[in-house]
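Survey of secondary and tertiary structure
If you want the building blocks of each chain, they are given just below.
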Amino acid sequence: MFKKQWPVFVLAFVLPILAVFWWWGGFNTVSVTETVAGPYRYAYLDYEGPISNMRKSQRTALDRFTDARVTAGDTISVILTDPRAGNGKVRAQLGYTLDAAAAIPAGLKEGRIERRPVYAARIHAAVLLAPSKAYQALDDMLERLGKGIVMPTVELYRPAGQADRIGVFTLEMDR
């Protein structure tokens, strides 16, 4: 009986999953380069906890930008500790980039990252999928050089500006 229904199963379940994965950028490749990045000025909240809950704090930071009527730039996450060493828990600074003259929204701290040489992994993908692909590509490249990922890392996400478009995720690690 299953032999006759496998085309229906493929059409009803497998193809939609593959289509969403494609749309989210799951088949896109990650480019890893040595470059110079920064400087960045950003407003952030301190975070300590499971890596899976970071988006809630990121949303809280965005709400503070909205309340203060300050334009938020790209999403920025400065990951200070390695989640592999902390059983999935991290310390991080979660916020948004700011223009040079913009005020710091109430309840947020100001952070600055100077211009520096980095390894940068960049992918055009959905924010939920992009970090795992970028970290894996960076780790693969560093392994060939006899190195590993060293914290802190800086994650930047630039949304496409349209609900039906996928943004660009960039992962930076100091060289």
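Please read all numbers here as calculations on a predicted model, not as lab measurements.

Criteria and thresholds
- Residues numbered from 1 in each chain as written.
- Predicted model: local features only at pLDDT ≥ 70, side-chain atom pairs only at ≥ 80, totals over all residues.
- Heavy atoms only, no water.
- Helix = DSSP H or I, 4+ residues; strand = E, 2+ residues; numbered from the N terminus.
- Polar contact = N/O pair within 3.5 Å; in protein donor to acceptor, adjacent residues only side chain to side chain.
- Contact = heavy atoms within 4.5 Å.
- Salt bridge = Lys/Arg side-chain N within 4 Å of Asp/Glu carboxyl O.
- Buried < 20%, exposed > 50% of the residue type's maximum accessible area, 1.4 Å probe, protein only.
- Pairing = 2+ DSSP bridges.
- Axes fitted to C-alpha atoms, helices over the stretch in contact; angles between N-to-C directions.
- Expected span 1.5 Å × (residues − 1).
- Arc of directions from axis to C-beta.

Glancing now at the side chain of Asp74. On the secondary structure map, Asp74 appears in the loop between helix 2 (54-68) and strand 3 (75-79). One polar contact links Asp74 to Arg158, side chain to side chain, over a distance of 2.7 Å. Those residues in contact with Asp74 that lie beyond four places of it in its chain are Gly95, Tyr96, Thr97, Tyr157 and Arg158.

On to the pattern of salt bridges, then. This structure, assessed with the given rule, holds 9 salt bridges. Note that Asp74 and Arg158 form a salt bridge whose closest N and O atoms lie 2.7 Å from each other. Of this pair, Asp74 sits in the loop between helix 2 and strand 3 while Arg158 sits in strand 7 (residues 153-158), placing them 84 residues apart in sequence. Residue classification places Asp74 among the buried positions, given a relative accessible area of 15%. Ionic pairing is found between Arg116 and Asp174, a salt bridge with its closest N-O pair at 2.9 Å.

The strand order 1-6-8-7-3-4-2-5 describes an open sheet built from 8 strands, whose pairing is antiparallel. Both edges of this open sheet fall to strand 1 (31-37) and strand 5 (109-113), since each of them pairs with a single strand only. For this sheet, the mean inter-axis angle between neighbouring strands, taken without regard to orientation, is 30 degrees. Pairing of strand 3 with strand 4 (residues 89-97), which is carried by 5 bridges, proceeds in the antiparallel orientation. Looking at strand 4, one finds that Val78 is bridged to Gln93.

With 15 residues, helix 2 ought to run about 21 Å at 1.5 Å a step, and its terminal C-alpha atoms sit 22 Å apart, in line with that. All of the buried residues in helix 2 are Met54, Ser57, Gln58, Ala61 and Phe65. Within helix 2, the buried residues cover an arc of 105 degrees as seen down the axis, which keeps them to one side. In helix 2, the exposed positions that point more than 90 degrees away from the buried face belong to Arg55, Lys56, Thr66 and Asp67. Among the structural elements, strand 2 (40-50), strand 3 and strand 4 are those in contact with the buried residues of helix 2. Directly after helix 2, the chain includes Arg69, whose backbone phi takes a positive value near 55 degrees.

Another aspect to go through is the side chain of Thr97. Looking at the element boundaries, Thr97 is found in strand 4. The class for Thr97 is buried, based on a relative accessible area of 14%. There is a polar contact of 2.8 Å between the side chain of Thr97 and the backbone nitrogen of Asp74. Contacts of Thr97, omitting those with residues within four sequence positions, involve Arg41, Tyr42, Thr71, Ala72, Gly73, Asp74, Ile76 and Leu156.

Among the structural elements, Asp140 can be located in helix 3 (residues 130-144). The partly exposed category is assigned to Asp140, whose relative accessible area is 34%. Taking the C-alpha atoms as reference points, Asp140 and Gln93, 47 residues apart in sequence, are found 26 Å from one another.

These values are about where atoms sit, not about what they do.
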